[in-house]
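# Survey of secondary and tertiary structure
For reference, the chains in residue letters:
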Amino acid sequence: MSHSWGYSGAAAVLFLGIVASRFIAPASSTLPPQVKVGAIFTEDEKNGPNELAFKYAINKINKDKTLLPYTSLVYDIQYVPRDDSFHASKKACQLVQYGVYAIFGPSDPLLGSHIHSVCDALDIPHLEARLDVESDVREFSINLHPTQHLLNAAFQDVMTFLNWTRIAIIYEKEYGLLKLRELVKSPQNNGLEIFLRQSNPDSYQDVLKEVKDKEIRNIVIDTKPGNLQLFLKGILKLQMNDYKYHYLFTTFDMETFDLEDFKYNFVNMTAFRIVDTEDISVKEILRSMSKSQFNRDLRLLNSTFIQAEAALIYDSVFVFAIGLQTLEQSHTLKLSNLSCDKEQPWDGGLSLINYINSVELKGLSGPIEFKEGRRIKFKLDLLKLKQPALVKVGEWQPVTGVNITDRAAFFDSGTMNFTLVVTTILETPYVMMHTTNNYTGNNRFYGFCIDILDRISQEVGFDYLLDLVPDRKYGARDPSTGLWNGMVLQLMQHKADLAVGSMTINYARESVIDFTKPFMNLGISILFKVPKSQQAKLFSFMNPLATQIWLFSPCEWQNPHPCEIDNALVKNQFSLANSFWFTIGTLMQQGSDLNPKATSTRIVGGIWWFFTLIIISSYTANLAAFLTVERMITPIENAEDLAGQTEISYGTLESGSTMTFFRDSMIETYKKMWRFMENRKPSVFVPTYEEGIQKVLDGNYAFLMESTMLDYIVQRNCNLTQIGAPLDSKGYGIATPKGSPWRDRISLAILELQEKGEIQMLYDKWWKKSGDICHRNVKGKESKASSLGVDNIGGVFVVLLCGLTFAVIIAIFEFCYNSKKNASNDKRSASVPHQSLCSEMKGEFCFALKCGGSRQRPALRRKCSKCMSGVSYVPATLDVPPHPPLPPVRSIPRNTTENPSKIF
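Just so we're clear, the structure is a prediction, and the values are computed from it rather than from any experiment. For every chain, the first residue of the written sequence is number 1, and numbering continues from 1 along that sequence. Owing to the predicted nature of the model, reporting of local features is limited to residues with pLDDT of at least 70; listing and counting of side-chain atom pairs is limited to 80 or more, with chain, interface and lining totals taken over all residues. Excluded from the side-chain calculation are hydrogens and water; included are all heavy atoms of the structure.

## Side note on the sheet that holds strand S13 (residues 374-377)
Going by this rule: DSSP bridges decide pairing: two strands pair if at least two such bridges lie between them. Put simply, DSSP H or I for four residues or longer makes a helix, DSSP E for two residues or longer makes a strand, and each gets a number counted from the N terminus. For helices, the axis comes from a line fit to the C-alpha atoms of the stretch in contact; other axes are also lines fit to C-alpha atoms, and the angle between any two N-to-C directions lies between 0 and 180 degrees. In this analysis, two residues are considered to be in contact whenever any of their non-hydrogen atoms come within 4.5 Å of each other.
Pairing is mixed in the open sheet, where eight strands are placed in the order S2-S1-S3-S4-S5-S13-S12-S11. Where the open sheet ends on each side, the last strands, each with one partner, are strand S2 (72-80) and strand S11 (361-363). Across this sheet, the average inter-strand angle for adjacent strands is 35°, counted without regard to direction. Relative to strand S4 (residues 126-128), strand S3 (residues 102-104) runs parallel, the two being bridged by two bridges. Of the residues in S4, the one forming a bridge with Phe104 is Leu127. Against the sheet, helix H2 (residues 49-63) makes contact with strand S1 (34-42), S2 and S3, and its axis sits at roughly 170° relative to S2, the strand it touches most. In the packing of helix H4 (residues 109-122) onto the sheet, the strands contacted are S1, S2, S3, S4 and strand S5 (141-146), and the crossing angle to S4 comes to about 160°.

## Description of the packing of helix H13 (residues 448-460) against helix H24 (residues 742-756)
Applied cut-off: Here is the rule for angles: anything less than 35 degrees is roughly parallel, anything more than 145 is roughly antiparallel, 65 through 115 is roughly perpendicular, and the remaining ranges are oblique. Each crossing is labelled by how the near helix is turned from the far one, with a counterclockwise turn of less than a right angle marking it left-handed and a clockwise turn marking it right-handed.
In the contact formed by H13 and H24, the axes pass within 9 Å of each other and the chain directions differ by 115°. The pairing of H13 with H24 is recorded here as roughly perpendicular in orientation. When you trace H13 past H24, the crossing you get is right-handed. Between H13, through Arg455, Ile456, Glu459 and Val460, and H24, the contact on the second element is made entirely by Trp742, Arg745, Ile746, Ala749, Ile750, Glu752, Leu753 and Lys756.

## What to know about the side chain of Thr516
Note the cut-off: Exposed residues in this analysis have more than 50% of their type's maximum accessible area, buried residues have under 20%, and partly exposed residues fall in between, with area computed by a 1.4 Å probe over protein chains only.
With respect to the helices, strands and loops of the structure, Thr516 is situated in the loop between strand S22 (514-515) and strand S23 (520-522). On the basis of relative accessible area, Thr516 is assigned to the buried category, the value being 4%. Setting aside residues up to four positions removed in sequence, Thr516 forms contacts with Ile505, Gly733, Ile734, Arg743, Ile746, Ser747 and Ile750.

## Concerning the packing of aromatic side chains
Put simply, the rule reads: Pairing of aromatic rings covers Phe, Tyr and the six-membered ring of Trp, with a centre-to-centre limit of 6.5 Å; geometry is then stacked below 30 degrees between planes, edge-to-face above 60, and tilted otherwise. The rule is short: NZ of Lys or CZ of Arg within 6 Å of the ring centre and within 35 degrees of the ring normal puts a charge over the ring.
Within this structure, the stated rule accounts for 29 aromatic pairs. A cation over a ring is seen here: Lys36 above Tyr98, with NZ or CZ 4.2 Å from the ring centre. The ring of Tyr701 is capped by Lys695, whose NZ or CZ atom sits 4.4 Å from the centre of that ring.

## Some words on H2
Two residues of an α-helix separated by three or four positions point the same way, owing to the 3.6 residues in each turn. Definition in use: Take the residue count of a helix, subtract one, and multiply by 1.5 Å to get its expected span.
Compared with an ideal rise of 1.5 Å per residue, which puts 15 residues at 21 Å, H2 spans 21 Å between its outermost C-alpha atoms and is within 8% of the ideal. Burial analysis of H2 places 11 of its 15 residues in the buried class, the great majority of the element. Among all positions of H2, only Asn50, Glu51, Leu52, Ala53, Phe54, Lys55, Tyr56, Ala57, Ile58, Ile61 and Asn62 are buried.

## Observations regarding the environment of Lys60
Mapped onto the fold, Lys60 is located in helix H2. Sequence separation between Lys60 and Phe318 is 258 residues; the distance between their C-alpha atoms is 9.5 Å. Leaving out residues up to four positions away in the same chain, Lys60 has contacts with Ile285, Tyr314 and Phe318.

## Description of the state of the cysteines
For clarity, the threshold we go by: A pair of sulfur atoms, both from cysteines and within 2.5 Å, is called a disulfide here.
Taken as a whole, this structure holds one disulfide when the rule is applied. A sulfur-sulfur distance of 2.2 Å marks the disulfide that ties Cys93 to Cys340. Here Cys93 and Cys340 share a disulfide; its torsion about the S-S bond, -105°, makes the bridge left-handed. You can see Cys93 sitting in helix H3 (residues 85-98) and its partner Cys340 sitting in the loop between helix H11 (308-328) and helix H12 (349-357), a full 247 residues away along the chain. Residue Cys340 is classed as buried on the basis of its relative accessible area of 18%. With no disulfide of its own, Cys119 lies 8.9 Å from the sulfur of Cys340, the closest cysteine sulfur.

## A word on the sheet that holds strand S8 (residues 218-222)
The strand order across the open sheet formed by eight strands is S7-S6-S8-S9-S10-S14-S15-S16, and the pairing between neighbours is mixed. Looking at strand neighbours, the two that pair on one side only are strand S7 (193-198) and strand S16 (401-404), the edges of this open sheet. For this sheet, the mean angle separating the axes of adjacent strands, direction not counted, is 25°. As paired strands, strand S9 (residues 246-249) and strand S10 (residues 268-273) are joined by four bridges and run parallel to one another. Residue pairing across strands places His246 opposite Asn268, the latter belonging to S10. Contacting strand S6 (166-171), S8, S9 and S10, helix H9 (residues 228-237) crosses the sheet at an angle of about 175° to S9.

## What to know about the confidence of the model for the protein
Our working rule: For every residue, the predictor states its confidence as a pLDDT score lying anywhere from 0 to 100.
Here the protein averages 79 in pLDDT, and 74% of its residues register 70 or above. Least confident of the elements in the protein is helix H1 (residues 2-28), whose mean pLDDT is 36; most confident is strand S21 (residues 498-500), at 95. Low pLDDT, under 50, characterises residues 779-785; the stretch is placed with three contacts to residues that sit more than four places away or in other chains.

## Here's the deal with unusual backbone geometry
Here the bond from Gly105 into Pro106 is cis, since omega is -5°, no more than 30 degrees from zero. Mapped onto the elements, Pro106 comes out in the loop between S3 and H4. Geometrically, the link from Thr428 to Pro429 is a cis peptide bond, its omega value of 0° lying close to zero. Within the secondary structure layout, Pro429 lies in the loop between strand S17 (419-424) and strand S18 (432-433). Positive phi, close to 60°, is recorded for Asp123, a residue that is not glycine. Among the secondary structure elements, Asp123 is positioned in the loop between H4 and S4. A relative accessible area of 17% places Asp123 in the buried class. For Gln239, which is not glycine, the phi torsion reads 55° and is therefore positive. One can find Gln239 in the loop between H9 and S9.

## With respect to the nonpolar core
What tends to happen in soluble globular proteins is that the nonpolar side chains get buried as a cluster. The test is simple: By nonpolar core is meant a set of buried Ala, Val, Leu, Ile, Met, Phe, Trp, Tyr and Cys residues that side-chain atoms within 4.5 Å join together.
Within the largest apolar cluster, 103 residues are counted, with the highest numbers of intra-cluster contacts made by Phe54 and Phe320. Here this core gets 14 residues from one element, more than from any other, and that element is H11. The contacts of Phe54, once residues within four sequence positions are left out, are Val37, Ala39, Phe41, Tyr75, Ile77, Phe104, Ile313 and Val317. Formed by 88 residues, the second largest nonpolar core is a distinct cluster that contains Phe266, Met520, Met659 and Trp767.

## Description of the pairing of S16
Bridge analysis of strand S15 (residues 390-397) against S16 gives four bridges, and the strand direction is antiparallel. Bridge pairing in S16 links Glu395 to Asn403. Here S15 hands over to S16 after three residues, the two strands then running antiparallel side by side.

Shown next, in the form of structure tokens:
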């Protein structure tokens, strides 16, 4: 018995201990058994989603004893008319007298400010779930709604990703502008054109029509959620529900609206949501909330979606409960009698608000964290409308910014089925056209740009209809009227969706239309006719040296004064004639019997030899090129040469980017060229490339055109060539109307084609692999030298013949002069037989030809016979004996200038 009683007694004691702890514990708790809270809703929110979410949160906390096990929350809800701040303040005072520990709501900004004034005066925590545009810190306020400056940063990141350059912002009431003021004034939007309009349900359609007339395709919508359905109807009435438009909504409740009329027109709709309905814990809460007793009859809360404000109110109740739980561990909370009349603040309110401000949790609205009562931690899901429904394509957080997880949602190629109107212009090899009737529709066109367009359409996912621009022009702005023409005008008037061709991207066009990324880079070059080859001249061997090198000035050569010598036989070998002969001999690399002996003359000779070595080596090296390479005569080498002359005309394509380049250039050379082209009569501008090429072939005309087209032409016509380097750098792009959604999609496709090398392969196909390539006979560095003909070195033979002829003439002159001199001397001498000029010339000529057998000149024989007295002159076979006697030597006077050679 005792043993069994012992077990029974122990069990009884344990049971009594459990029961005692159950009833004794609340007595030691720092929180009262009931904590009263108040809520203020507007009358139009009565029994609405916000109130139901509030009641459900209170009920769930009371049932969950792990959060506040010994305390229950008791609520008191008050209703006030919207925008009635007087009644709102009275209701807040009633709640204070009721003994509430905190006040929730309302959502109206004006009412919320008045309620906060009461709470701040009495140190009562005020929990809000509304957008607050004021940046001032509120001490006793806890707001679960993300701050506006962070939301503006999220909108800015999305617009930057979408590359918006022109937008319209439509807002309601004045506070809507305050919400987005940071977005308008953001430094990142300096290049963004913003169109602001305030609207209301009565003016939705008028404002949308104005936006449509201004051809603005990107629109930010900031309306009340309750009026958004009316706004969507206005979009449908104006037929602004196609792929050209992109709407960015500021509301978090886009999932709760009916978008059936927009799903299948590919209209771009983007918005953020703060409740991740795909999260498992969120789905569980929504299912439980839809089945709660508060929602059973009204059915305002479903198991799929919940409005953002209701979710924020739900989270605010849990934030308050967790703050109470944290405070319970270290403080005793007791509420004294408070009254708006006494204006005595609650001494425990500051501690409670500090604990609430330090709460961190994950709720229906995602991660929650506060700083000075403002929510600084949250996650926004980026939604994009697709055919099934709104889908998540990315997310945004204050720390990391935007993160796009599904780029294809914005540039989707698989779900579109559009037929775009594409305007183009005929230009070989970019766009060409079959002339036969066998081709219809798009099959009529072919070329480099057509191949690129076909590949882009497959990548992006659209069909197209090609047509030629009516005026056959690319597009330029008339400076006098300001009007555009060509393909640019077609895009501005939205008569075409794309413009494809050799269309240059420039500033003027970019200001009125949009361009994709360039698919080809180029510059302006000069097309000119190939100059004729230079005919080989007779004296072309003299070309290696300039004319001034070949000239010798007689003033540079002075006859040196003869040296004074004691010996009459000593003579100066470097006389004027000998010095000239010495220089010519060394210059022609021939030997000379004149050898300088003095140091000074040897230095002079050595320097002269070094000079002749360099001259001859340079001449020889340059002569090979001049004689073996065929040279061209080019009248112009670059744009400066073209601008500095007036004999050769030059022009551009009319109404093209090249003409615009020269017209708007600030470089003096190009300004000078533009003045020449503008004032030239007849006009130097041509309507087509074909006419410009023909003018170049006709001669005396240079055509300024884009380098890619010039390269194509030069490779097919050997009579044409490029002069100089490109004058600038630019690119070809595909043009779209301003704000077109196709620009970014096509740009991505172009980048992909470039990375794959497909565009380069297409370039090689149309530029280098065609059958009409011109084969030039260009002599490169590896080519063999041409053999020298009469045309190259004939002048050398002419010089040789002329020199020989001149030498013969001089010889005859010397012969005649010497014969006459001898005949004159014989006349003056009585002892010498008299000889006539003719007999003297005959004798000298026979002596030169040795026809008489005599080895002594006739004049010498006569002189020798005179010297031998008593001896008669008898002709013999050998007139001169082997050892004739030497004549007597006469002494020469010291200062004589007579040549020693005349002593005989």
